[in-house]
Amino acid sequence: PAVEKSMETNEANTDILPESFKSVINDFEKDTKENNDEFFAKAKYITGELNRLRVLIKYNPTAMNDSAISEMITSEPDRIRDLEDSRAKDANEFKNNIESLLESLKSKIKNDDERRRLVELTKYVDQMGKDNVVLSDITKALLNKLITIRSYIAESQNSRWGIDHYKSSISQVIDEIINDLSIASGRRQNIVDGIKGIKREGYYQER
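Rules of the game
- Residues numbered from 1 in each chain as written.
- Predicted model: local features only at pLDDT ≥ 70, side-chain atom pairs only at ≥ 80, totals over all residues.
- Heavy atoms only, no water.
- Helix = DSSP H or I, 4+ residues; strand = E, 2+ residues; numbered from the N terminus.
- Rg over C-alpha atoms; globule rule 2.2 N^0.38 Å.
- Buried < 20%, exposed > 50% of the residue type's maximum accessible area, 1.4 Å probe, protein only.
- Contact = heavy atoms within 4.5 Å.
- Lys, Arg positive; Asp, Glu negative; His and termini not counted.
- Charge placed at Lys NZ, Arg CZ, Asp CG, Glu CD.
- Salt bridge = Lys/Arg side-chain N within 4 Å of Asp/Glu carboxyl O.
- Core = buried A, V, L, I, M, F, W, Y, C linked by side-chain atoms within 4.5 Å.
- Axes fitted to C-alpha atoms, helices over the stretch in contact; angles between N-to-C directions.
- Parallel < 35°, antiparallel > 145°, perpendicular 65-115°, else oblique.
- Left-handed = near helix turned anticlockwise from the far one by under 90°.
- Phe/Tyr/Trp six-rings, centres within 6.5 Å; stacked < 30°, edge-to-face > 60°.
- Lys NZ or Arg CZ within 6 Å of the ring centre and 35° of its normal.
- Nonpolar A, V, L, I, M, F, W, Y, C, P; charged D, E, K, R; others polar.

J.: So what's going on with the overall build of the protein chain? Which residues, and what values?
T.: On a plain count of helices and strands, the protein chain comes out with five helices and zero strands. Along the protein chain, helices (α) and strands (β) appear in the sequence α-α-α-α-α when read from the amino end. Rg of the C-alpha trace for the protein chain: 23 Å, well past the compact-globule value of 17 Å for 207 residues, more than 25% over. In terms of overall dimensions, the protein chain has a C-alpha envelope of 85 × 30 × 20 Å along the principal axes. Counting all 207 residues of the protein chain, 42% fall into the buried class. Considering only residue pairs separated by 6 or more positions, the protein chain has 82% of its internal contacts joining residues 24 or more positions apart. A distance of 2 Å separates the average location of the 33 positive side-chain charges in the protein chain from that of its 38 negative side-chain charges.

J.: How would you summarise the pattern of salt bridges if you had to cite specific residues and measurements?
T.: Counted by the stated rule, this structure contains 22 salt bridges. Through salt bridges with shared partners, one network takes in Asp113, Arg116, Arg117 and Glu201.

J.: An account of the nonpolar core is needed here, citing residue identities and associated values.
T.: In terms of nonpolar packing, the biggest core is built from 47 residues, with Leu17 and Ile198 touching the most fellow members. Elements with a contribution of two residues or more to this core: helix H2 (19–59), helix H3 (67–105), helix H4 (112–158) and helix H5 (167–202). Setting aside anything within four residues of it in sequence, one finds Ile198 in contact with Leu17, Ile25, Phe94, Ile98, Leu121, Tyr124, Val125, Met128 and Tyr203.

J.: Can you tell me about the side chain of Ser185, naming the residues and giving the values?
T.: By the secondary structure assignment, Ser185 is in helix H5. Those residues in contact with Ser185 that sit more than four places away from it in its chain are Phe39, Phe40 and Ala43.

J.: Account for the packing of H3 against H5, naming residues and giving values.
T.: The N-to-C vectors of H3 and H5 enclose an angle of 25 degrees; their axes lie 13 Å apart at closest approach. Relative to H5, the element H3 lies roughly parallel. Considering only the axes of H3 and H5, their crossing is left-handed. When H3 is examined against H5, the residues Leu83, Glu84, Arg87, Phe94 and Ile98 are found in contact with a partner set consisting of Arg188, Ile191 and Ile198.

J.: Give me the lowdown on the packing of aromatic side chains, citing residues and values where you can.
T.: In the structure shown here, the tally under the stated rule is four aromatic pairs. An angle of 10 degrees between the planes, with centres 4.3 Å apart, marks the rings of Phe28 and Phe94 as stacked. With Phe28 in helix H2 and Phe94 in helix H3, this pair connects stretches of sequence that are 66 residues apart. Pair check on accessibility: Phe28 and Phe94 agree, each one buried. Above the face of the Tyr203 ring, Lys22 is positioned so that its terminal group lies 4.7 Å from the ring centre. In this structure, Arg188 packs its charged tip against the face of Phe39, placed 4.2 Å from the ring centre.

J.: I'd like a description of the packing of H2 against H5, backed by residues and values.
T.: Between H2 and H5, the least distance of the axes is 10 Å, while the angle of their chain directions is 160 degrees. When the axis of H2 is compared with that of H5, the two are roughly antiparallel. For the crossing formed where H2 meets H5, the hand is left-handed. In terms of residue class, the contact of H2 with H5 is made up of 19 nonpolar, nine polar and eight charged.

J.: Talk me through the environment of Ser86; I want residue IDs and the actual numbers.
T.: Position of Ser86 relative to the elements: it lies in helix H3. When the C-alpha positions of Ser86 and Asp31 are compared, they lie 9.4 Å apart, and in sequence the two are 55 residues distant.

J.: Can you tell me about the environment of Leu118, naming the residues and giving the values?
T.: Tracing the chain through its elements places Leu118 in helix H4. Since its relative accessible area comes to 8%, Leu118 is described here as buried. As a C-alpha pair, Leu118 and Ser159 span 41 residues in sequence and 61 Å in three-dimensional space. With residues near it in sequence (within four places) discarded, Leu118 still touches Ile16, Leu102, Leu105, Lys106 and Ile109.

Structure below.
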């Protein structure tokens, strides 16, 4: 019991992560949430337009020239790329900061509770790193697929096979993009959840 009381006292009075790091985490959380909100809105818009394209070309292949869909396919890849570049830059900077911090904390651990919390912190940071890498790959893939749809539409307008020949290929790529958008959204949310986990384990008042 005496040992438990001592550990409770230590836990109640200890933030593993230093006060100076709180603003770094809060800024990253805020920037990531804003970036995610923009991405989620774009993912919803792109998914809606691609589903509409799938229905349109099923009954009327020439509808793939729909102006709103053409605008989406032309402009959205650049907007998604800008969001991803900004997100990845922030995430890599944060990951480097916190990995360096965790390394320095190892020598300052005072008891078993802090040691356990450091292990949990490291798990969250490692998972965020994995999500970051997977997210970058998925985003690159979906950008390439949006460009592929644009190519199919351009080819179909000049092909001797006609527009009808491209319907199934376009539908397949649409399915892949919508799936990629869903996975990317999930990975982005995981990174935000990771930040919450770091705060929960690193700061007593968040526990």
